[in-house]
Amino acid sequence: MLSFCEEPLDTVYAEDSPEAKISMNCRVRANPPAAIKWWHNNWEIKLMEQPDEHYSLVGGNLVITNPEKSKHAGKYVCVAKNVYGTTISKEATVKFGYLDQFPTDEREAVYVKEGQGAVLLCAPPSRYPTEVMYRWIYNDFPNFIIPDQRRFVSQTTGNLYIAKVEASDVGNYSCFVSSPTIGKSVFSTPIPLVPQIEKEVKRYPADIRVRFPKTYALVGQNVTLECFALGNPLPHIRWRKLDADLPPNYEVSMNGALLHLINVQYEDEGSYECEALNVRGMDWYRQWLYVEGAPEWAEHINDTEKDVGSELTLSCTAVGKPLPWIRWLKDGYSYGKGELKFSSLTFEDSGMYQCIAENTWGTIYANAELRVVSCAPTFIYNPVKKTLLGAENGRVVIECKPRAAPKPRFIWKRGSELFSNSSRMFIWDDGSLEILNATKSDEGLYTCYAENDRGKANSTGTLSITEATKITVPPSDVEVTVGETTVLQCSASYDPSLDITFIWTVDSYIINFATDFDHYEQMMVRLSNSGDLLIKNIQIAHAGEYICTAQTIVDNTTASANVIVRGRPGPPGGVRVEEIRDTSVKLVWSLGSDHGSLLAQHVVQTRDFFALDPEDWKTAVTSPVFLDGKAEVTEVVDLYPWMEYEFRVYAINELGAGESSLPSIKIKTWDAIPTMSPTDVDGFVGLNGELIVTWTPMKPQYFFGKKFGYVVAFKPHEDFDWKWSTIADPEARRFVYRDTIIPNTEIQVKVKGYNSKGEGPYSLTKVVFSSESAPTEAPLDVYARQVTSTEALVWWLPVYQIRYWRKYDDNEAAASRVLVHSSVNQTRLENMRPDSHYLIEVRAYNGAGLGPPSEHCEMFTRRPPPSRRLRVYKYVSFTRKWLYIYWDHIYNYWNESYVEGYKILFRKEGERYGKLYTTGRHYIDFPMPETGDYVIEIRARCEGGDGPISQILVQGETRQLAL
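Residues numbered from 1 in each chain as written. Predicted model: local features only at pLDDT ≥ 70, side-chain atom pairs only at ≥ 80, totals over all residues. Heavy atoms only, no water.

An unreviewed UniProt entry annotates the protein chain as Contactin 1b of Pygocentrus nattereri. If you open the UniProt record of the protein chain and go to Subcellular location (unreviewed entry), you find "Cell membrane". (UniProt positions renumbered as here; feature names shortened; annotations may be inferred.)

Now the structure itself:
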């Protein structure tokens, strides 16, 4: 035996490391113990013959003292050897890590217009390993820049990206590079950034500057893709995977600049796209992510002992991407590729074999010892059985398997009778004797003789023939419906000297009555003395071929029956979309199992991109409308254009609706011209004479294509030609036309949607009037009355902004405001402070502004109700017919409203409304409810409003008895 417990690992040694030593570890499990040697770049390190001041061996570990790059960098392997062979370890690489200083040359200043994007180049120095961490210093160390939506540091190039420069960005910037492997950091000379202040900051479209390269990832690892854009306003970044959803284990950070793929799998390979968007424009970038895998063993070699002269094939199979190639070592030396075949083993073939699988991501080793042996035949370890049993008219096999090498010759005798191959008796190649159609006359002593060139041996056993086992009552085919019970019969005759066991299988699966209840769901099984099988609450999964096996230690016999279960249909298969149009698709599927009842109908369901719940499936409209049980294709119509859909199908038979199919692959319908128009179109003329048009944005379902936006059209009533403007933002809800509108003008406005295919219909035309001037008349007869401690009613003569504030405690500028229609002459003021002195004013209002204020109306709000909750008790009468509720009376403090009585709400649990009672007492009784759960809510009733609610739960009489 010879195997490694610990193998050397790849090492990066820092050139200026204070610990001037490298240790390469190697531990071996071997019997007898193995001698250990080391090789460097395919040359043996001969410590005994050529002592070296740098190398030393410590318990099998190689220690390199004061390592030098020119001498000690390279590949190392540990070699272990004993009498059974030689094995080498995995290769380990020693490399020297370094991080040079930045050049000391002064860096040029960067001048950027305010609002424009900027890129500060890091230009990192030479280094190993190349994987470092980048940060940027602002003015002084250690004032590091924290990346945000506006600033981003690429961990690929090290550059600092500023999406839009602001005046506060002025200063000196230094690139800071850290190597975690060697524990060293350096930083560059400062780069001055000088923003150029603009009178009017311009807007710039999104411009992607950080673009992730073509990426190769190792399966199971985490991958980060970078994408960052310059622009003003700050661009919004979105990620997607072409032709598929983003992997389930993804995260987006740095305001969308980083896409993290956690534990990537082969199916995550594909083209990834990042899209940057602001109101000025859009930019996009896409690149491929390739997922590959290091070698893994699917099949490898194991220690083997074979007879001299025998055949042997040694093979290894490894999986990975790219596909690994296989090579072999024997006792440390190259020994071929692919598969090793031996037609006649010799003692020289013994040794340590290593199968090596390699690809670009790594190398794996499988070690095994091959021993080629020889010996005379012996039955010590495996003699012929002393007592042998066989069934009458059955087949009997008597094994003869001595240990011998090379393979022996075999002879069988019964007493002195020598056997040779015949139509009823046959000696197998491995020495076993086969007897067909055994009878009582075949009983007796049987001896196996084995002989090779090393010697000979024999072993004897006694054969007895018993009565054959037979099925007397076989199970019968049966057809049942889901949920029913059935019995499968099974009886057998057998030799009375033996014990019999009945074994049941369904579709080759053995029914284990102790553990298989979960596998068969609600199947309840028991065996009677005759071996009958009882199946309760049968389900679709229990259909199949049931086999009863009657078995003794000598022989067995079987009988079978089919159980057909009638139930709801199974799921259709292979649901796929074959033809895609703008509002329809051709859907194809294959019929599912009818489970013994003819299919009557198929139903198609859809789920679109905006479904809020994974189970939010809707019944689709099809052509033809009714799909019979034989349908396997249909046209799904009335779909939204430019919408992502998936489809599924289920079938119906006389027993009900069956299980739905798996969803189809997601598809997107073709784009089309919009057919809907925005709603709630309105407008008004602002204080400065500008026209403001508003509308409710269209839902994304109605975009019908990419590059969706709005067209706003307007004109004075007497003009013939319309003026219009486009808005590229699909979420826009207002448009401002800044040219001054002539007062007292009737203006017509309308809005429609457009996309890359064309323009949709206009909305209904809305008429807007520009005001002649702001109102000049103040409202008259303003009057207010308190309602509760926090609410009041105010009236005025219609002529309306209402303002109200506390006279001594609030600033008038921060007064609360309410706007009401001109046809209204009263409104409710809410969220007022209790027990406070308020001033109220009313002003007329139109698009041109506010009119003069009315005279101030003064009023006092009422004191608040008590804030304490009631303590509530309940009592059920002895006859359980009446429910009594009572509570402690609550008294008001000097600064609280007087308690006038109580409100009691009696409602069912889970419902909002019920029956309301009022009383001046502190108790009330109800008939005891017979069923259900009820909630009783009680609160104090005061002139300043209602107090807090106290609740008590009541269970109906029937529920209590059940409990």
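Within the protein chain, the regular secondary structure consists of two helices and 90 strands. When the backbone C-alpha atoms are referred to their principal axes, the protein chain occupies close to 140 × 95 × 70 Å. When burial is assessed residue by residue, the protein chain has 43% of its 963 residues classed as buried. Positive and negative side-chain charges in the protein chain, numbering 101 and 123 respectively, have mean positions lying 2 Å apart. (Helix = DSSP H or I, 4+ residues; strand = E, 2+ residues; numbered from the N terminus. Buried < 20%, exposed > 50% of the residue type's maximum accessible area, 1.4 Å probe, protein only. Lys, Arg positive; Asp, Glu negative; His and termini not counted. Charge placed at Lys NZ, Arg CZ, Asp CG, Glu CD.)

The next subject is unusual backbone geometry. Looking along the chain, the bond that leaves Asn31 and enters Pro32 is cis, with omega of 0°. A cis amide bond links Phe141 with the next residue in sequence, Pro142, at an omega value of 0°. Counting through the fold element by element, Pro142 comes out in the loop between β15 (133–138) and β16 (151–153). The phi dihedral of Phe704 falls on the positive side, at around 65°, and the residue is not glycine. One non-glycine residue with positive phi stands out, namely Asn831, at about 60°. Along the chain, Asn831 falls in the loop between β78 (826–829) and β79 (837–843). Taking the relative accessible area as the measure of exposure, Asn831 reaches 73% and is therefore exposed.

The next point concerns the UniProt feature "domain: Fibronectin type-III" (unreviewed entry) in the protein chain. Within this structure's numbering, the places UniProt gives as "domain: Fibronectin type-III" (unreviewed entry) are residues 571–672, 677–774 and 778–866. Across residues 571–672, helical content stands at 0% and strand content at 49%; the span's end C-alpha atoms are separated by 34 Å.

With respect to topology, three strands assemble into an open sheet ordered β83-β84-β87, the strand pairing being antiparallel. The sheet terminates laterally at β83 (872–876) and β87 (923–927), the two strands that pair on one side only. Along the sheet, successive strands turn relative to each other by an average axial angle of 20°, direction set aside. Across five bridges, the pairing between β83 and strand β84 (residues 882–887) is antiparallel. Residue pairing in the sheet places Tyr873 in a bridge with Tyr886 of β84. (Pairing = 2+ DSSP bridges. Axes fitted to C-alpha atoms, helices over the stretch in contact; angles between N-to-C directions.)

Before going further, it helps to examine the environment of Glu392. Tracing the chain through its elements places Glu392 in the loop between β38 (387–391) and β39 (396–398). When the C-alpha atoms of Glu392 and Asn437 are compared, they prove to be 7.0 Å apart, with 45 residues separating the residues in sequence. Every residue in contact with Glu392, bar those within four places of it in the chain, is listed here: Ala438, Ile465, Thr466 and Ala468. (Contact = heavy atoms within 4.5 Å.)

Moving on, we get to the state of the cysteines. Applying the stated criterion to the full structure yields six disulfides. There is a disulfide in this structure between Cys400 and Cys448, and the S-S distance comes to 1.9 Å. Between Cys400 and Cys448, the S-S torsion sits near -75°, and that sign places the bridge as left-handed. Taken as a pair, Cys400 in the loop between β39 and β40 (403–405) and Cys448 in strand β45 (residues 444–452) lie far apart in primary sequence, 48 residues in all. For the pair Cys400 and Cys448, one class covers both residues: buried. No disulfide involves Cys375; its sulfur sits 14 Å from that of Cys400, the nearest cysteine. (Disulfide = S-S within 2.5 Å.)

All right, on to the UniProt feature "domain: Ig-like" (unreviewed entry) in the protein chain then. Mapped onto the present numbering, the UniProt feature "domain: Ig-like" (unreviewed entry) falls on residues 8–95, 103–187, 195–278, 295–374, 377–464 and 469–564. Strand forms 52% of residues 8–95 and helix 5%; the C-alpha atoms that close the span are 14 Å apart. Taken as a whole, residues 377–464 contains 0% helix and 52% strand, while its terminal C-alpha atoms sit 27 Å from one another.

What follows concerns the sheet that holds strand β33 (residues 333–337). Within a beta sheet, neighbouring strands are joined by backbone hydrogen bonds and run either parallel or antiparallel to one another. With mixed pairing, the five strands of this open sheet are ordered in space as β29-β36-β35-β32-β33. Edge positions in the open sheet fall to β29 (304–307) and β33, since each of these has one partner strand only. Between one strand axis and the next, the sheet turns by 30° as a mean value, whatever way the strands run. In this structure, strand β32 (residues 325–330) lies alongside strand β35 (residues 351–359), joined through six bridges in antiparallel fashion. Across the sheet, residue Leu329 finds its bridge partner in β35, namely Gln354.

With respect to the helices, strands and loops of the structure, Leu839 is situated in strand β79. Accessibility expressed as a relative area gives 10% for Leu839, which makes it buried. Spatially, the C-alpha atoms of Leu839 and Trp805 are 5.6 Å apart, while their sequence positions differ by 34 residues. When residues no more than four places from it in sequence are discounted, the contact partners of Leu839 are Arg803, Tyr804, Trp805, Lys807, His856, Cys857 and Glu858.

Let us look at the pairing of strand β62 (residues 633–637). Side-chain direction in a regular strand flips from residue to residue, so the side chains alternate between the two faces of the sheet. Both strand β57 (residues 585–590) and β62 contribute to a ladder of four bridges, which runs antiparallel. By the bridge assignment for β62, Lys586 is matched with Glu635.

Enumeration over the complete set of coordinates arrives at 29 aromatic pairs. Between Tyr216 and Tyr290, the aromatic rings sit 4.9 Å apart at their centres with planes inclined by 15°, giving stacked as the arrangement. Here Tyr290 lies in strand β28 (residues 281–299) and Tyr216 lies in strand β22 (residues 215–218), a separation of 74 residues in the sequence. Its relative accessible area of 47% is what places Tyr216 among the partly exposed residues. Residue classification places Tyr290 among the partly exposed positions, given a relative accessible area of 24%. (Phe/Tyr/Trp six-rings, centres within 6.5 Å; stacked < 30°, edge-to-face > 60°.)

With that settled, consider the pattern of salt bridges. The final tally for this structure, using the stated rule, is 44 salt bridges. Here Arg803 ties to Glu812 by a salt bridge, and the two come within 2.7 Å at their closest N and O atoms. Under the relative-accessibility criterion, Glu812 is labelled partly exposed at 35%. Because the salt bridges share partners, they merge into one network encompassing Arg803, Glu812, Glu841 and Arg843. (Salt bridge = Lys/Arg side-chain N within 4 Å of Asp/Glu carboxyl O.)

Another aspect to go through is the pairing of strand β7 (residues 55–58). Summarising the sheet, β7 and strand β8 (residues 61–65) pair through four bridges and their orientation is antiparallel. Each residue of the ladder has a partner; that of Tyr55, found in β8, is Ile64. The hairpin formed by β7 and β8 contains two residues between the paired strands, and Gly59 there has a positive phi angle of roughly 60°.

Side chains that are nonpolar tend, in soluble globular proteins, to be buried together. Residues Cys122, Tyr134, Trp136, Leu160, Tyr173, Cys175 and Val177 are the most contacted members of the largest nonpolar core, which totals 22 residues. Among the elements of the structure, β13 (118–120), β15, β17 (160–162), β18 (171–179) and β20 (191–196) are those that each provide at least two residues to this core. Per-element accounting of this core gives the leading share, three residues, to β18. Once residues lying within four places of it in the same chain are set aside, the contact partners of Val177 are Leu99, Phe102, Cys122, Pro124, Val132, Met133, Tyr134, Lys184, Ser185 and Val186. (Core = buried A, V, L, I, M, F, W, Y, C linked by side-chain atoms within 4.5 Å.)

Positionally, Asp671 belongs in the loop between β65 (667–668) and β66 (679–685). The side chain of Asp671 is buried and forms no salt bridge, while Lys757, the nearest opposite charge, is found at 4.4 Å. Discounting residues that sit within four places of it in the chain, Asp671 has contacts with Asp582, Pro641, Trp642, Phe704, Gly705, Ser756 and Lys757.

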